[in-house]
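# An overview of the molecular structure
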Amino acid sequence: MFVAAIDFGTTYSGYAFQARANFKTDPLQNIISNNWESSVPGLSHKTPTCILFDKHQQFHSFGNDAEQKYNALAADGETWNWYFFKRFKMTLYKEEALSRGTVIRDDKGMDMPAMIVFTESLKYLKDHLLKTLERTSVDIKPQDIHWVITVPAIWTDSAKQFMREAAINAEIHTDMISLSLEPEAASLFCRYLPVQRVTGVSQAEIRSFSIGDKYMILDCGGGTVDITVHEIQEDSTLRELAKANGGECGGTQVDEKFISLLNDLFGPDVMEVICQRYRDDYLQLMQSFEIKKRRISPGLSATETIQISASFTDTYKELNNIDIANNPSIPQRLKGKVTFTKDKVRVDADVMKDLFTDVCGEICKQAREFFSSIREHNIDKILMVGGFSESEMLQVKVRETFPRVSLIIPEEAGLAVLKGAVLFGHNPKMITARVCKYSYGIRAFKHFEPGLDPQEKRVVQGDLVLCKDYFSKHATIGQEYKTKEKVYTQEYVPSDASGSKLEVWVYTSPRKHPLYIDEEGSRKIGEISIPLQNTKGKDNPVKVQFVFGDTELKVKVKDTVTGQKKDADFDLLGL
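So, here is what we can say about the structure in this document. The shown structure was predicted, so the numbers you read here are calculated from the model rather than taken from an experiment. (Residues numbered from 1 in each chain as written. Predicted model: local features only at pLDDT ≥ 70, side-chain atom pairs only at ≥ 80, totals over all residues. Heavy atoms only, no water.)

Looking now at the overall build of the protein chain. Scanning the protein chain for helices and strands turns up 14 helices and 33 strands. Its C-alpha radius of gyration of 26 Å places the protein chain within 12% of the 25 Å reference for a compact globule of 575 residues. Taking the principal axes of its C-alpha atoms as reference, the protein chain extends roughly 85 × 60 × 55 Å. In the protein chain, which comprises 575 residues, the share counted as buried stands at 54%. A total of about 25700 Å² of accessible surface is found on the protein chain, and carbon and sulfur atoms cover 47% of it. (Helix = DSSP H or I, 4+ residues; strand = E, 2+ residues; numbered from the N terminus. Rg over C-alpha atoms; globule rule 2.2 N^0.38 Å. Buried < 20%, exposed > 50% of the residue type's maximum accessible area, 1.4 Å probe, protein only. Areas by Shrake-Rupley, 256 points an atom, 1.4 Å probe, with all protein chains shown as cover.)

Written out as structure tokens, the structure reads:
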């Protein structure tokens, strides 16, 4: 009856929902997103991705409520036994050995299980959405809602499984969960739009997408950039033409540069006191900067005035016995470009614009490298989506990097992923093919080939001379797979003839033709445990089949003795 999407972002999170009947009438009709209380204009549809737990690690609040409560605690000096997490999403990208036991640190360095932090975040957003639906006076049961959770395209299979398990722990049934890749969701949303705003160097024109169009998607959020390329098929579905790429860079890096600027101006000691004793003042400054950040453009020439609390200048004088205006330690590059009054700091336009230089340069560098790798597709359009895509500093830099390519920016670039995820939930078949990010395979034995296989791989089992640690490949990096495509069925038997189960170790490799599981770049990503029935060992071969083309990797197994087929229990988080 309903599709509900949760866009769990690095900086901000939100949700949207739509009735199936509305989707059938008009896919863009009545996609409803919540209006949150926000002091930052243009962000009322999302709330900060931050969460607060008490001393017993029990959930207290999320979003704006969490920030306000923690600021009040800080003012009273009572934060020491509370756990406050902010911008923690990228833990799942950074952690190579991600498991159910992975811990993350709060702003004071105290550890909590990441699974609890993510579970309670998703549970809050889910419960908030259900309460919003209740207020619509529509009789909706939980089993009538299909949930879609957005994830970056660059995330690993284990990170995706982590998010699914967190959603299950948040009391969403696994059969009612879909994961949507963020650039795909945005592409779907823009595909349904009747027209797009295409920005040029000196003009704007209206142009709609057409059958056969190929375009690169540049999804720039707070913490990540996702880059991929789509083609519109004759039946209006979307086909991925190259494996997604990207990295850890986004709008939060501009915030980090601003914080670094504050440290240069006031000094680390002053900023530490501000963050601990006057946290509410610090938050207000960062919110003020968030507003300024969205207005900064390459054409900015006037000095920017930023309101600051008197606590900043008073604390500086208290610790240094001198007015901030007479600061002798200000870096040479800032002298004459930053001035202070009691409640204001005036910053030269070039200093403000320089906050964007590194991140915009890195995003465009990655985009340029990706664009070069897909030259054979003759791409002439770039679709910019994600919250940071609304920055004119980034838009101009992208335009300078790709002067011969049309830049398409939807009016709701920051909501394109969220609303597109709703559309994906209604019609996941709109994405018909995806490109494999790695080569996938299984650790296996094969017949030893003298002169070809390394001697240290040689093992003897009975009458057989075998090669161990063989990478039995099931899928190839860069290869296109149709949605739900079952590929390369391979038959395996236990190496132990008396075994009652088959243990399958799954590996990825960045190579097209990996030979062994211990080659550079190869990585174990999970395990499959397959119980053997009726007979044992070599009399009970099992067929293993990978299912590619979906947003999540699946494995199917077939017992050749009983003929029984089932989805394998594929554990990517037990390492």
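Pairing of strand 23 (residues 439-447) with strand 28 (residues 501-509), which is carried by four bridges, proceeds in the antiparallel orientation. Within the sheet, the bridge partner assigned to Ile442 lies in strand 28 and is Val506. The sheet contact formed by strand 23 and strand 25 (residues 464-475) spans seven bridges and is antiparallel. Residue Tyr440 lies in a different strand from strand 25, and its bridge partner there is Ala475. (Pairing = 2+ DSSP bridges.)

Turning to its location among the elements, Leu452 is positioned in the loop between strand 23 and strand 24 (458-461). Counting along the chain gives 57 residues from Leu452 to Ser509, while the straight-line C-alpha distance between them is 20 Å.

It is worth spelling out the sheet that holds strand 25 at this point. Read across the sheet, six strands follow the order 24-25-23-28-29-33 without closing on themselves; strand pairing throughout is antiparallel. Each end of this open sheet is capped by a strand with a single partner; those strands are strand 24 and strand 33 (570-571). As defined by bridge partners, strand 28 adjoins strand 29 (residues 523-531) across eight bridges and the pair is classed as antiparallel. When the bridges of strand 29 are listed, Glu503 appears paired with Ser529.

Quick look at the pattern of salt bridges now. This structure, assessed with the given rule, holds 41 salt bridges. Residues Lys86 and Glu67 are paired through a salt bridge, measuring 2.7 Å at the closest nitrogen-oxygen approach. Here the residue Lys86 occupies a position in strand 7 (residues 83-86), and Glu67 occupies one in helix 2 (residues 64-75), the gap between them amounting to 19 residues. Using a relative accessible area of 37% as the deciding quantity, one classes Lys86 as partly exposed. Look at Glu67 and you get buried, because its relative accessible area is 6%. With its nearest N and O atoms 3.9 Å apart, the salt bridge here joins Lys126 to Glu171. One end of the pair, Lys126, is in helix 4 (residues 114-134); the other, Glu171, is in the loop between helix 5 (157-169) and strand 11 (177-181), with 45 residues separating them in the sequence. The exposure class assigned to Lys126 is buried, which follows from its relative accessible area of 6%. Given the relative accessible area of 58%, Glu171 is considered exposed. Connected via shared salt-bridge partners are Arg87, Asp255, Glu290, Lys293, Arg294 and Glu390. (Salt bridge = Lys/Arg side-chain N within 4 Å of Asp/Glu carboxyl O.)

So, about unusual backbone geometry. With phi around 55 degrees, Asn321 is a residue other than glycine that occupies positive phi space. Relative to the assigned elements, Asn321 resides in the loop between helix 10 (310-320) and strand 18 (338-340). Its identity is not glycine, yet Asp469 carries a phi of approximately 60 degrees, on the positive side. By the element assignment, Asp469 lies in strand 25. Judged by relative accessible area, Asp469 falls into the buried class, the value being 18%.

By the element assignment, Ser288 lies in helix 9 (residues 279-293). For the pair Ser288 and Arg523, spaced 235 residues apart in the sequence, the C-alpha separation amounts to 44 Å. Sequence-distant contacts of Ser288, that is, excluding residues within four places in its chain, are made with Ile306 and Gln307. (Contact = heavy atoms within 4.5 Å.)

Our next topic: the sheet that holds strand 6 (residues 59-62). The strand order across the open sheet formed by three strands is 6-5-7, and the pairing between neighbours is antiparallel. Edge positions in the open sheet fall to strand 6 and strand 7, since each of these has one partner strand only. Strand after strand, the sheet turns through a mean of 15 degrees between neighbouring axes, direction not considered. Strand direction decides the pairing type here: strand 5 (residues 50-53) and strand 7, joined by four bridges, are antiparallel. Bridge pairing in strand 7 links Phe53 to Tyr83. (Axes fitted to C-alpha atoms, helices over the stretch in contact; angles between N-to-C directions.)

Close contact between helix 8 (residues 268-277) and helix 10 brings their axes to 9 Å; oriented N to C, the two are set at 130 degrees. With respect to each other, helix 8 and helix 10 are oriented oblique. Regarding helix 8 and helix 10, the two cross each other, and that crossing is right-handed. Note on element contacts: helix 10 touches helix 8 through Ser311, Phe312, Thr315, Tyr316, Glu318, Leu319 and Asn320, opposite Asp269, Val270, Met271, Val273, Ile274 and Arg277. Taken together, the residues of the contact of helix 8 with helix 10 sort by class into seven nonpolar, three polar and three charged. (Parallel < 35°, antiparallel > 145°, perpendicular 65-115°, else oblique. Left-handed = near helix turned anticlockwise from the far one by under 90°. Nonpolar A, V, L, I, M, F, W, Y, C, P; charged D, E, K, R; others polar.)

On the secondary structure map, Asp7 appears in strand 1 (residues 2-8). Since its relative accessible area comes to 6%, Asp7 is described here as buried. Setting aside residues up to four positions removed in sequence, Asp7 forms contacts with Tyr12, Ser13, Gly14, Lys46, Thr150, Glu182, Val417 and Leu418.

Our focus in this paragraph is the packing of aromatic side chains. Describing an aromatic ring pair means giving the distance of the ring centres and the angle of the ring planes. What the rule picks out here adds up to 18 aromatic pairs. With a centroid separation of 5.7 Å and an interplanar angle of 75 degrees, the aromatic rings of Tyr15 and Trp36 are classed as edge-to-face. Of this pair, Tyr15 sits in strand 2 (residues 12-19) while Trp36 sits in the loop between strand 3 (32-33) and strand 4 (47-48), and the two are 21 residues apart along the sequence. With respect to burial, Tyr15 and Trp36 carry one shared label: buried. When the ring of Phe59 is compared with that of Tyr124, the centres are 6.1 Å apart and the planes differ by 45 degrees; the resulting orientation is tilted. Here Phe59 is found in strand 6, whereas its partner Tyr124 is found in helix 4, with 65 residues between them in sequence. We classify Phe59 as partly exposed; its relative accessible area is 30%. (Phe/Tyr/Trp six-rings, centres within 6.5 Å; stacked < 30°, edge-to-face > 60°.)

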